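Observations on chain architecture
Listed below are the residues making up each chain.
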Amino acid sequence: MEMDSATPIPSDKEFQLFQQLIQDKLGIFLPAQKKALLSNRLWKRLQACQVKGFGDYYRLIQSPQGKGELNIALELITTNETYFFREQKHFDYLQEEILPKLRPGTNFRVWSAASSTGEEPYSIAMVLRDRCPSEWELLCSDVNRTVVEQAKIGIYPDVRVKNIPPEYLRRFCRKGVGPQQGNVRVTAELRDAVQFFTLNLHEDFPDIGKFDLVFLRNVLIYFENDNKSKILERIADKLNPGGILFVGHSESLHGISTRFTPVKPAIYRLAGR
Ligand SMILES: C[S@@+](CC[C@H](N)C(=O)[O-])C[C@H]1O[C@@H](n2cnc3c(N)ncnc32)[C@H](O)[C@@H]1O
């Protein structure tokens, strides 16, 4: 995004205040070179709140009456880029290695733990609906309430569904008409099969049971090693014995967690105890 000449830039001291706040609330580490990102994402809120600079905006979101605004600011800081069937190798592994070993009468539990606007969990749901021989449950969560609400609605512009295999597109998606022309909606059958909720990976997890497979993809990159380790510890505690963890292909657990054994690039198994 281009910044116009009037866009306020935080001073180093102001940036450090935001850096600390974001780290405390979300666990996300914003390095110094992300000053422009902070400015790009928040300057419209400074205008909306009619405050002059980042110092005043910081004081506002730290005040008791600024709680709602704090949530808005934190949501704007998260990066929600995602798409259907991202990193196809994970879906291949699910179809070829995991699902064929399941037996009818068992319950396969999956968690998409940074699910953004829903493309990831709906891709998983399509595969499970098509190929899973057992019962299954799919939970999906994100810290950003707005993207969770978007995910629940399950409406996407045509251009965003091009990665969905044609057969799944026919079976699980409906073309919009009238005001929804140019959009596609995931069927109610699929939407109802997914449980959506907000969850902050940086805090203790609620009681959501144990899982056989967790998608934790393209989110660890935003954390420093110490916070990565803590998140992985909590994720490990939520996996059943032999449970599988998928991380993004640019992410590695090497030197960060001893709770997992590598299986393939970006695929880990809970280490046996
Ligand atoms: C780049 S998206 C990745 C989406 C999806 N997993 C994928 O790979 O396409 C990262 C997501 O992580 C979420 N996120 C960031 N910090 C988080 C936290 N502390 N707890 C839970 N989710 C978080 C963001 O809101 C965002 O939707």
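Above: the structure in question.
Residues numbered from 1 in each chain as written. Predicted model: local features only at pLDDT ≥ 70, side-chain atom pairs only at ≥ 80, totals over all residues. Heavy atoms only, no water.

**Let's talk about the site of the ligand**
- Taken together, 22 residues surround the ligand, and among them T82, R86, A114, D142 and N218 come closest.
- Relative to its unbound accessible surface of 600 Å², the ligand loses 99% to contact with the protein.
- Each residue belonging to the shell around the ligand can be placed in one class, and the counts come to nine nonpolar, eight polar and five charged. (Near = heavy atom within 4 Å. Areas by Shrake-Rupley, 256 points an atom, 1.4 Å probe, with all protein chains shown as cover. Nonpolar A, V, L, I, M, F, W, Y, C, P; charged D, E, K, R; others polar.)

**Focus: helix 6 (residues 119-131)**
- Along its 13 residues, helix 6 runs 18 Å from first to last C-alpha, staying within 8% of the 18 Å computed at 1.5 Å per residue.
- Judged by how many residues are buried, helix 6 sits mostly within the fold: 10 of 13 residues are covered.
- Among the residues of helix 6, E119, E120, P121, Y122, S123, I124, A125, M126, V127 and L128 are the ones counted as buried. (Helix = DSSP H or I, 4+ residues; strand = E, 2+ residues; numbered from the N terminus. Expected span 1.5 Å × (residues − 1). Buried < 20%, exposed > 50% of the residue type's maximum accessible area, 1.4 Å probe, protein only.)

**A look at helix 10 (residues 225-237)**
- The end-to-end C-alpha distance of helix 10, which contains 13 residues, comes to 18 Å, matching closely the 18 Å that a straight helix rising 1.5 Å per residue would cover.
- Buried within helix 10 we find N227, K228, I231, L232, R234, I235 and A236.
- Where helix 10 is buried, its residues touch helix 1 (12-26), strand 1 (107-112), strand 7 (211-216), strand 8 (239-247), strand 9 (260-264) and strand 10 (267-270). (Contact = heavy atoms within 4.5 Å.)

**Here we look at the nonpolar core**
- Of all hydrophobic cores here, the largest spans 47 residues; its most connected members are W111, L216, I235, L245 and F260.
- The element contributing the most residues to this core is helix 1, with five residues.
- Residue-level mapping places this core at the junction of two domains, with at least three residues from each of domain 1 (12-77) and domain 2 (88-270).
- When residues no more than four places from it in sequence are discounted, the contact partners of L216 are A113, L201, I231, L232, I235, L245, F246, V247, G248 and E251.
- Of all hydrophobic cores here, the second largest spans 39 residues; its members include F84, M126, F172 and A193. (Core = buried A, V, L, I, M, F, W, Y, C linked by side-chain atoms within 4.5 Å. Domains from an automatic or database assignment.)

The values reported here are purely geometric and, on their own, carry no functional implication.
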